[in-house]
Structure formats: structure tokens, C-alpha cells
Amino acid sequence: MTITIRRRVGAGASAAILAAVGLIAAAPAQATSPPPYVTSQLALRTGTGAVAVYDTSGTPTGLSQSLLSDTACALTATGADLLGFTAEPGGAGYVGYRAGSIGVRESLTANGQSCAMVDAANGESLTVQLGGALTGYVFTAAALDIELKHDASVSATAWLGTSAVGTFTLTSGSSASGATCNALADSGPDAGTSDHCRWDIAGKDPAAPMMFDRLTLTATAGSFSLDGGADGAVPVDTWAGFADPGLSSFFDLAPVLACGDSATLPSSGKVLTSTWKRYDDLASSGTCTPYPYRATTGVTTAGAPFAELVKPADSATAQAVWTTTFVVPAGKLPYPTLNFGSGPVLLGDCPDGLYSGGAIDSALVPSTDLDGGVPGQQYGCVIDVAKTNAYAPTKAATYTVYVLGDVRLSF
């Protein structure tokens, strides 16, 4: 049996690895391939009041939410808690939804157009945030359908917890500079899609994506609404994995791990179970920066079963314990090897006490670098290898391994 650990070295190298092991799903006609770590997309369709989550092949996951409006334009939601909305000023009770547009209603009895706009003159903003049904995920990008009025300018701030992680600006008409709307914002009656823009919001490096759990949209001039195809399709110039993305505002979703979190990888024919538990960063005094990841299991073209977890290269010092049960051939269990990129390295036992009672003693992690050809310290060791009868008559063994870095586990 061989365990291979490969450290992520960049977006191009990762894409090659993912394609080789079948991680990247066949893309629909309007898409290329999913960005690193994106496992699903959330579509907001204000024209039909529907919010839904799709996997990267465009298949609905079954998670859905319905948006409703009462006679005073108040937005309410039913179904899974996928998206939450908050208005400023006023809070959640002042979020308005009318004629397929989401904005700020300026009084509790609002029933006119003002309840579907976000107005600079009144210092208004609209916040969209992940709901409880998507705990364990983050946004990594957004593609918004924005309706603009009165030479509008909009500022977007992306947040992760209490930290601002990115700011973006969209301008139009006489306010236009920097990122601009292709159409001039009108100041009269609704002009259909001619007063709409597609606004792409993402970090600069797909290999280390911007992670955020809420997005605050503030009117800095004129007015705007958040839409999702209510006035017709808006062109899409970014990746989308589901049908009719032009009729949606949508968000890329990636699973994320913080300290103490566990990722359960999918089982497959010869990978019976696999769980990756995240610990703090090595020699960090408890620091734990969350990271997104992509995980899969399967069988290589050579017939070897594998499990793989890939994360950004800048999280290489994040510690983890990975426990995987493979179907194994009869006979003595061989010891595994690691491959960080420069060839296989025999994997030894972990030092006594490094992992005990579910805790890692970072002081006992050797300073050994198992692959001098890869930047940083590359290390891993075997905590335990044991046969298991839990899947009898199938012959199986469970491998528990301490790891630093991205990991591909196979034999």
C-alpha cells in the first residue's frame, strides 16, 4: 500500500491533478470548469422568488428557499435557510421585495417603488449573508444582477466573520469610473434589462480564493436594487454550472474547515470511509485560519483506490489527522509512503505522544523536512494501522495519519 501526499503548488498544477483523478465534473455548455474548491453554486432568482443550490454538474442538491412579499413589500422566506437579508437603516424588518427587486423599504407600511430600491440619499445598504443551512461553507465569488437608477454608484464589502476581506465598486452614468455598468442608468420608468449590470465579485487569485460569509451593498450615489433575472436575462461572463445563469444572481460555494472541524469524504467502492480532522497551525499558539478544500475518493486509471483533499498552498502548516478505511488485498499490511512532489518517501511511525486522546502535541512534531524539493516543511507519520472486521467479509484496514500539506492517499 502507498500513501501519496502532494502539496498544492499552484492553480495550474492543481487543475492537472484534479483532471487526472476525475475531480472536475463534465461542464455544461455555458461553463468552463469550476474554480478551485468550489463544490456548488447558489442561485437567487428574484423573478420567481426561488433560491436553490446546485452541484458543479448543474444538478439541484435539493436545498431550496422561497422568497415572498406581503402587501407592505416585506420580504419573508420559507424553506431551507440559505440566504438571509438585512437592511440599513432598520434591520431585517426593513428588507423590501417588490416586482422581482430586493431593496430597503423606508417604512413598515411601504408599498411603492421605494421598498425595492437602496437609496444613497437615505444612507441605505443591503446585506446578503449565508444562512444556517449552509453552515460549513463560505462564498468565494458572486455574480450579481444589479438594477441601477439615477447615475448610481454602489460599494460592496465582503466580510468573513467580523473582518472585511474585500471591497468593490460599481459605477454608472455620470458616476462612471473604474468598474462600470455597460448601460447608462436611467432616471425614469423601469427600462427592463437596459438599466441592469452583471457585477462579478471575487478575489484576484483563484488558487487562494477570497472567503466571505456576507456581502454588504451600499448605495453611494443614486439608487439600486438586487435582482436575479426579474427583468430578463443579464449576460454572464463568469463560470456558472447550472441552467439559465442569466436569470440569477449567484454565488460560488466552497466547504471550509476551521480548527476542530472535520471533513467527511465521499465513500466509494474501495474507500469505505475517510475523515479529515483539522487542527491548529503548527507552532502558531493556537492560530487557525480557515481554509477551503476540495475532497474526493475513487480509483485511479491503474486501479488503485485513493482519497484526496486539496487546499490552498498558503495553508501548508495547518495540521490534520486523516483516518481512512480502504479495501485491502489479503496478506500482511505494507507500510505507506509519502510523495510531496519529488518522489515517494517511506513513512514512519509518529513519535510517542504526538497524538493522544484526540489532541496533537505540536512540540513533538519533528523538524524533519521529508521533501527538500518543495518549499516549507513537508511531514507526515503513521499514528495507527489496523485491520478491521467491520466490513466482513470484505478485507479492510484503517490508516490514521498525521499530515502537513495537501494529501492524496492511495495504494
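Residues numbered from 1 in each chain as written. Predicted model: local features only at pLDDT ≥ 70, side-chain atom pairs only at ≥ 80, totals over all residues. Heavy atoms only, no water.

(A) Expanded view of the nonpolar core. Membership of the largest hydrophobic core comes to 44 residues, with the highest contact counts inside it found for Leu144, Trp199 and Leu215. By residue number, the principal contributor to this core is strand β11 (residues 137-160), which donates nine residues. Val271, Trp322, Phe340 and Val382 belong to the second-largest nonpolar core, a separate cluster that totals 24 residues. (Core = buried A, V, L, I, M, F, W, Y, C linked by side-chain atoms within 4.5 Å. Buried < 20%, exposed > 50% of the residue type's maximum accessible area, 1.4 Å probe, protein only. Helix = DSSP H or I, 4+ residues; strand = E, 2+ residues; numbered from the N terminus.)

(B) Just the pairing of strand β15 (residues 249-257), in detail. With nine of its nine residues buried, β15 lies for the most part within the structure. Residue alternation in β15 divides its side chains into two sets, Ser249, Phe251, Leu253, Pro255 and Leu257 and Phe250, Asp252, Ala254 and Val256, and both sets are buried. When strand β2 (residues 40-45) meets β15, the two strands line up antiparallel, connected through five bridges. The partner of alanine 43 across the bridge, within β15, is phenylalanine 250. In this sheet, β15 lies alongside β11 in antiparallel orientation, the contact comprising six bridges. Residue pairing across strands places alanine 143 opposite phenylalanine 250, the latter belonging to β15. Pairing between β15 and strand β18 (residues 291-292): two bridges, direction antiparallel. Within the sheet, the bridge partner assigned to valine 256 lies in β18 and is proline 292. (Pairing = 2+ DSSP bridges.)

Geometry only, nothing functional implied.
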